[in-house]
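Chains, contacts and geometry: an overview
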Amino acid sequence: MSEGVGVDLQDVWIKFGEFVAVRQANVNIKGGEFFSFLGPSGCGKTTILRAVSGFLEPSDGKILIGGNDMAGFGPNERPTALIFQNLALFPLMKVWENIAFSLEVKGASASERRKRADELLDMIALTGQGDKLPSELSGGQRQRVAIARALCAEPDVLLLDEPLSALDLKLRQHMRTELREIQKRVGITFIYITHDQGEALTMSDSVAVMKAGIIDQIADGKSIYDDPATAFVASFVGENNVFRGTVKKVTKDMAVISTNRTGDLRARIPASAQTKLSLGDQAMLFIRPEALDVTESKNKSDTRIKAKVHHSEFEGQGYNVFLEGSEGKEIKMSLTNRGETRMYDSGMELTLHYDANQAVALPAGELASE
Amino acid sequence: MGNGLLKDFFKRNGTVMGWFLIIAVTFWVVVLIILPQISMFDFSFRNHLPPPEMGGPKDVYTLKNYKYLIFGAEGNPDAYNKTDLAVFGKTLLAAAFVTILDLVLCYPIAYYLGQSRGGGLTRVLVLFLIIPYWINEILRAFAFRIIFGDSGVINEMMMFLGLIDSPIDFIRENVALYAGLGYAYILLMIFPMYNVIESLDRNQIEAARDMGASWVKIHRRIVIPYAKPGISSGCTMVFMLSAGALAAPQILGGPSSLWFTQIIYQWFNQGGNWPQGSAFAAVLLATCIFIVLAVMRIFKVNMGDIGK
Ligand SMILES: Nc1ncnc2c1ncn2[C@@H]1O[C@H](COP(=O)(O)OP(=O)(O)O)[C@@H](O)[C@H]1O
Ligand SMILES: [Mg+2]
């Protein structure tokens, strides 16, 4: 098996006329890695993927695949295969012809093509379905055919543009696991694009979070979730309660933020944002719903928030409690169901606690809009 | 269920509009299409008689009009009606040639128009294609006579460039005729193809490119199979209309070349022999339909696809 071929973006800019779709992207994707670009729709993910696959040239900067500058190489000359957002299977060709199309292009004989297609059909658990038309398959099966077709070209890098977005939730979750398994089996580099943070976090070795053409953070899923680098990342990835305010006290990795409505709150400054907060700066403090709790424990910090229950939702594995802090500040708390019979009725007054290490203080910035 | 359909139809269009549509369409189909064709077909099996004898004892059904096309007049020394059959064959071949010529010319245009996502330039191009159709057919044909004439633009240009020494007789060589016919039906070829190609997902083309397919391969395996209904619809129309054209062959045809429609026209007009003309026209129509169906069969196109 190959070592895996890496992909590097060096100061890549992509412009459409005056419009800057990608702004100075620097990304280092290691060989054999499952790498995701995560960002809201229209932030430039597809544009980056098209630049890597060779359908468009960057306006500035370099794209290296396996260390080789790809400038001037067309899509067919790059060791990449792209799976389109809408799959783009050939509707008039049978499934096996679709899968073996890259071999047909190379002039392989029909029997050779059929043999390879059947092998790949086995791999994607569609044995014996080769003679159907794509339209006769289900969404998930078509999905797998698109993957098989791309893999048939034996690319070093597989590029996937939101391939699961058309599937229903159940199938999507199933396909996540399946994709990850396929990636491990074939051992090539996967570059995956999605606006679904769940997908990015579950499958990827590394995630790049994008906002309007700018890459805000590149890290593994846990770091993205626990140590967001910007307010945008903190609000886009997972849920967060946001408190705006100014920096009242600051040490290397801790800050006290004097919030507008909720008083002084303490939080950790993630490594990537240290030195970026000084006294008096506009800041944002993020506390995840699951980091809030009602029972005080020893290791909880002294920070507390008074709030009144607005309503709560029982979700089986836990409760989501929607609260109203001072001056109508909306706060969400998620509690795990441990079998206690307690319910949180509307109007109940609570004191919320959180561990300051689980809250994050960041320079004020643009938030992801819902 | 038929009742429900009808009710639904009236509900959607209103009673007055509904009746208008039904009557108008029925009138159109029955009175303007079916009845005249049936009476023409009926004519083709009758004797050519002066009006007083019509309905008389001599007015019986006969196959002689059809026999004439195949074997010629009685006392014909040849086994077959060589003159008319030759014209018939030549007309069909020429119509096929015009169809292929148009297909080859129009496919790239339709592809470009269909895939360029309707930008400003596309609209201008489409307009350029449509405007010539505002000019009537006869005027267009005569304009071609001028362009292709001995001292027409084309001859002048080629002589000026030194490509030829003396003018080429494009009319005699039927170049003007083919060009005129081809030009007349360009839109009928482009639009059905354009319609289909427009709905072809660009990603399919890019996917094929990504897998290293050449342009030829992409067209052969992806675009053409997809555009087949449009191609066959365009070809059918161009073939039928070329084979049935009258003005262009009349005006642009060389002195020695006769279109089958011209013979039909002569029977009706100069000869005043409607039964004979009807028989010739019926044979032309039937043969054209047969050819179209056969070609569709060969290329595996369904009748239903054509209406798309
Ligand atoms: N060919 C193009 N010409 C002009 N603008 C484009 C083009 N392709 C994409 N864009 C713009 O670039 C931005 C990013 O698009 P895209 O990369 O498709 O976003 P996404 O992250 O949803 O995949 C969008 O604002 C889009 O309108
Ligand atoms: Mg996209």
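Further up the page is the structure itself.
The notes below deal with the structure included here. (Residues numbered from 1 in each chain as written. Chains lettered and ligands numbered in written order. Predicted model: local features only at pLDDT ≥ 70, side-chain atom pairs only at ≥ 80, totals over all residues. Heavy atoms only, no water.)

1. As for empty space enclosed by the protein
All names here are of chain B. What counts here: Think of a 1 Å grid over the protein atoms and nothing else: a 1.4 Å probe that fits but is trapped marks a cavity, an open set flanked by protein within 12 Å on at least five of seven lines marks a pocket, and residues with an atom within 4 Å of a point count as lining. Grid points are joined across faces, edges and corners, and a volume is the space filled by probe spheres set on the points. Secondary structure elements follow DSSP: runs of H or I no shorter than four residues count as helices, runs of E no shorter than two count as strands, and numbering proceeds from the N terminus. Three residue categories are used. Nonpolar comprises Ala, Val, Leu, Ile, Met, Phe, Trp, Tyr, Cys and Pro, charged comprises Asp, Glu, Lys and Arg, and polar comprises the others, including Gly.
Considering all chains together, one arrives at 3 cavities of 30 Å³ or more under this definition. The volume enclosed by the largest cavity comes to roughly 100 Å³. Taken together, Glu 137, Arg 140, Ala 141, Phe 144, Gly 180, Leu 181, Tyr 183, Ala 184, Tyr 185, Ala 245, Ala 248 and Leu 252 make up the lining of the largest cavity. Taken together, the elements giving at least two residues each to the lining of the largest cavity come down to helix H6 (137–148), helix H8 (175–184) and helix H12 (247–252). Counted by class, the lining of the largest cavity contains 9 nonpolar, 1 polar and 2 charged residues. Computed from the structure, the second largest cavity encloses a volume of approximately 70 Å³. Of the residues belonging to the lining of the second largest cavity, the class tally is 9 nonpolar, no polar and 2 charged.

2. Digging into the interface of chain B and chain A
So the rule is basically this: The contact rule is simple, with two residues in contact once any of their heavy atoms fall within 4.5 Å. Summed over both partners, the accessible surface that disappears when two parts come together, traced with a 1.4 Å probe, is what is meant by buried area. Throughout this description, the term salt bridge denotes a Lys or Arg side-chain nitrogen within 4 Å of a carboxyl oxygen of Asp or Glu. Nitrogen and oxygen atoms within 3.5 Å of one another constitute a polar contact, given that in protein one can donate a hydrogen and the other can accept it, and given that sequence-neighbouring residues count only through two side-chain atoms.
Taken together, the contact between chain B and chain A spans 16 residues of the former and 22 residues of the latter. Buried area between chain B and chain A, both sides added, is near 1,700 Å², and the carbon and sulfur share of it is 60%. When the buried surface of chain B facing chain A is broken down by residue, Asp210(B), Met211(B) and Arg221(B) rank first, second and third, together holding 39% of it. The salt bridge partner of Arg50(A) is Glu206(B), with a shortest N-O separation of 2.7 Å. At the boundary of chain B and chain A, one finds 8 residue pairs in polar contact (both at pLDDT 80 or more).

3. Considering the sheet that holds strand E18 (residues 349–353) of chain A
In a beta sheet, neighbouring strands are held together by backbone hydrogen bonds and run either parallel or antiparallel to one another. Residues and elements named next belong to chain A. For clarity, the threshold we go by: Between any two strands, pairing holds if DSSP finds at least two bridges. Whenever a helix is involved, its axis is fitted only over the stretch in contact; in every case the axis is a line through C-alpha atoms, and angles between N-to-C directions fall within 0 to 180 degrees.
On the basis of which strands lie adjacent, the open sheet formed by 4 strands has the order E17-E16-E15-E18 and antiparallel pairing. Only two strands of the sheet have a single neighbouring strand rather than two, namely strand E17 (330–336) and E18. For this sheet, the mean inter-axis angle between neighbouring strands, taken without regard to orientation, is 50°. Sheet topology places strand E15 (residues 304–314) next to E18; 5 bridges connect them, and they run antiparallel.

4. What about unusual backbone geometry?
Where we set the bar: Throughout, exposure labels follow a simple rule: accessible area from a 1.4 Å probe, protein chains only, divided by the maximum for the residue type, with under 20% read as buried, over 50% as exposed, and the rest as partly exposed.
With a phi close to 55°, Ala88(A) is a non-glycine residue in the positive phi region. Position of Ala88(A) relative to the elements: it lies in the loop between strand E6 (80–83) and helix H2 (95–99). Owing to a relative accessible area of 2%, Ala88(A) belongs among the buried residues under this scheme. Unlike most non-glycine residues, Lys300(B) shows phi in positive territory, near 55°.

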